[in-house]
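Single-letter residue listing:
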Amino acid sequence: MNKDVINAIREKEQLPDSMTDSEIALEYKGTYTAARAAVSLEHKPLDQVINDAMAKIFPFMRNKKK
């Protein structure tokens, strides 16, 4: 299992740092959680994609953080 996927699983599942990468890989291999972690590394969330597209079309509608 890729190190980035293991780190994403560790973050999402709030696993302790004491758990080794190999333990996480063994426990989560082939699971839905591992698949979601792998996909999240490659893709932006749908809300972010929509916001980016809207910002291109209507630049005046960007959220301005103060």
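Visitor: Before we go on, may I ask you to explain the environment of arginine 10 in this structure?
Guide: Relative to the assigned elements, arginine 10 resides in helix 1 (residues 3–13). Spatially, the C-alpha atom of arginine 10 lies 9.6 Å from that of alanine 37, the residues being 27 residues apart in sequence. In contact with arginine 10, other than residues within four places in its own chain, are Leu15, Pro16, Asp17, Met19, Thr20, Asp21 and Ile24.

Visitor: How should the layout of surface pockets be read in this particular structure?
Guide: Unfilled space is identified by rolling a water-sized probe across the atoms. Approximately 180 Å³ is the volume found for the second largest pocket. Together, Ala8, Ile9, Lys12, Glu13, Thr33, Arg36, Ala37, Val39 and Ser40 line the second largest pocket. Mapped onto the lining of the second largest pocket, the elements with two or more residues apiece are helix 1 and helix 3 (32–42). Ranked by the residues each element gives to the lining of the second largest pocket, the list is headed by helix 3, at five residues. When grouped by side-chain class, the residues that make up the lining of the second largest pocket number four nonpolar, two polar and three charged.

Each value, and the rule that gives it
Residues numbered from 1 in each chain as written. Predicted model: local features only at pLDDT ≥ 70, side-chain atom pairs only at ≥ 80, totals over all residues. Heavy atoms only, no water. Helix = DSSP H or I, 4+ residues; strand = E, 2+ residues; numbered from the N terminus. Contact = heavy atoms within 4.5 Å. 1 Å grid on protein atoms, 1.4 Å probe; cavity = no way out; pocket = protein on both sides within 12 Å on 5 of 7 lines; lining within 4 Å. Points joined across faces, edges and corners; volume = space filled by probe spheres on them. Nonpolar A, V, L, I, M, F, W, Y, C, P; charged D, E, K, R; others polar.

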